[in-house]
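# Chains, contacts and geometry: an overview
These are the residues of each chain, in order.
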Amino acid sequence: MKRDCMSIGVCPCRVTAMVLKVFFPSCCSSADSGILIGRWISEQNSAVILAVVHFPFIPVQVKQYLGEVQRVTKVSVSVLGSWSNSKQEKDESLSEFLEDLGTIFCHEPWIQISKEGDSKFWSCSILQKHSKNPQEEEIILVYYDQRKVMLSHLHPPLDTAGQRAEDASKLSAIFDTVARSQVLFMTDRYDEGPIKLTHWQSDGVEASIIVELLKQASVPACMLLTFLLSLLSGICRSRVLKFWPLSFLWSKLSTCEQLGHRLQHLQVISSNKKAQNQNQLMRKANIFVSLLIDVALGILLMSWLYRKNRIGHLADTLIPVADHVAEELQDLLQWLMGAPAGLKMNRALDQVLGRFFLYHIHLWISYIHLLSPFIEMILWYVGLSACLGLTVALCILSDIIALLTFHIYCFYVYGARLYCLKIYGLSSLWRLFRGKKWNVLRQRVDSCSYDLDQLFIGTLLFTILLFLLPTTALYYLVFTLLRLLVVIVQGLIHLVVDLIDSLPLYSLTLRLCRSYRLAVFKSHRDAAAMALMLTMINPLSYGGVVQTYRLPTYSCYPRDSWASLCKKLFLGELIYPWKHKGDKQN
């Protein structure tokens, strides 16, 4: 909330130990004379003024009205004092009458606030008729924007320890009082009731015909959407999808994961269950805006693809690109089968590995040319999936890249398995030289005595593996770099998908356009107010908005640390491009 939402004024009284804070709505500063109704918070010695009741009125009707409001809102609303707005000279009879009202409504203490003409200085005092030892109290008058406080949601401070958390809880009671008193603000000057009030909606209750029509139309639409989603969820949970091929594809393809994620979002939006708190309401709004923007961007992408026969040009370009990649891989393998960078490799193993990988490239080229007549039709149907959202189209693109680079993945798996076998073999034989072995049951290294034949065979095998390791390590290094290149491209695609899925666009828009809706507590000490902790309301920062309202996403890549990643690369363990099903990333 901005600084002008709540300002502070201190009335000139004698300094004592007791301090009384009166929160007065700025919309009532020009109201006619009457009585102040609001809530008295005895724990904080504070009074929250909600509205002004104008003359003439009948005290019995005022008490009945406040009792009805208290029954509905569960807020102890009562008459707290009197308000005098004399546009002429001060009237002694009016002052005495306002003092006598304290005996009718019987509230202790009785707050008297008066304003004379166009003066900027107000008079604020309290009466304690029933107190045996009346003491003068310092009065802090806090002016607040009732509309902004009513519509805002106060966020706790990031540092929830110590005095800051206590002050935040006190201020939240003020916000909660104004928010729960919404029924009190439903009456305006056009009502013909016996009680006339002044509050932030006195000039007319804010309403929109379009919003009301949309609310009425959303009920059957949500019911229909809920039925369709329940039917689709039943199909997804059927036994047909639990068989091996379909279950494998559903758990590994990022497109299926994204569709399941968006299906859960649609179930949240179409749910008839009312949001219990502000966080649930903001989550629904953020999901709805994210879906809306995602589908809009997908439709724009689909309209761009189907213009000027761009899909046909893309299909014609895809086959030459695949052939060029295959030719580059063949040249790379021919270079590895020679003397790469002047390194002397094991000739026999080098030739075996090179011919093995060249044969796989030949199979891959044949597979691509076999699918070439159907590439344009496949891309045409894939383009239609963009109407489901840009994220779905990006996930399909990631899966297509995975399929087109499947031969690189196979090369990486072959090289990693062979390299890992040699690394673990060398480490096991190295323990044999030191007279040790790995205890599988106790998961530790124990001492062991070997005979001469075992040491001879171990030495022979160690020598063979050690001299064959450079050739295997070179192939593993080259294909690991190629695999990491593909993983980086897919990671960038999924980074964009996660950004669209998790970014709280509605909350950021609300922070940009109506920053008072997202308020955060801040505190400071004012030397002019006896070093009291006075409250100020400021908007939540953009980083705080993202941190508070960010939506959970389903990342397609496991989040390993750099140390774990380097360890896997050194030992030859596979870096899988898929996550385990059901792992939710925040």
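Residues numbered from 1 in each chain as written. Predicted model: local features only at pLDDT ≥ 70, side-chain atom pairs only at ≥ 80, totals over all residues. Heavy atoms only, no water.

Going by what an unreviewed UniProt entry lists, the protein is known as Phosphatidylinositol N-acetylglucosaminyltransferase subunit Q and is assigned to Chloebia gouldiae.

### A word on helix α12 (residues 390–404)
Here α12 is 15 residues long and its end C-alpha atoms lie 21 Å apart, about the 21 Å a rise of 1.5 Å per residue gives. Of the residues making up α12, those classed as buried are L390, T391, V392, A393, L394, C395, I396, S398, D399 and I401. In this structure, the buried residues of α12 make contact with α7 (254–269), α8 (278–305), α11 (375–384) and α14 (452–502). (Helix = DSSP H or I, 4+ residues; strand = E, 2+ residues; numbered from the N terminus. Expected span 1.5 Å × (residues − 1). Buried < 20%, exposed > 50% of the residue type's maximum accessible area, 1.4 Å probe, protein only. Contact = heavy atoms within 4.5 Å.)

### A few points about unusual backbone geometry
Positioned with a positive phi, N45 is a non-glycine residue whose angle comes to about 55°. By secondary structure assignment, the location of N45 is in the loop between β3 (34–41) and β4 (46–54). Here the phi dihedral of K308 falls at roughly 55°; this positive angle occurs in a residue that is not glycine. Its location among the elements puts K308 in the loop between α8 and α9 (310–336).

### Here we look at α7
Between its first and last C-alpha, α7 extends 23 Å over 16 residues, near the 22 Å set by a 1.5 Å rise per residue. Taken as a whole, α7 has its buried residues at S254, T255, C256, E257, Q258, H261, R262, L263 and H265.

### Describing the pairing of strand β6 (residues 110–116)
Counting buried residues in β6 gives five out of seven residues, a clear majority hidden from the surface. Here strand β5 (residues 77–86) pairs with β6 via six bridges, running parallel. By the bridge assignment, G81 is partnered in β6 with I111. Note that β6 and strand β7 (residues 123–127) share five bridges and pair antiparallel. Across the sheet, residue I113 finds its bridge partner in β7, namely C124. (Pairing = 2+ DSSP bridges.)

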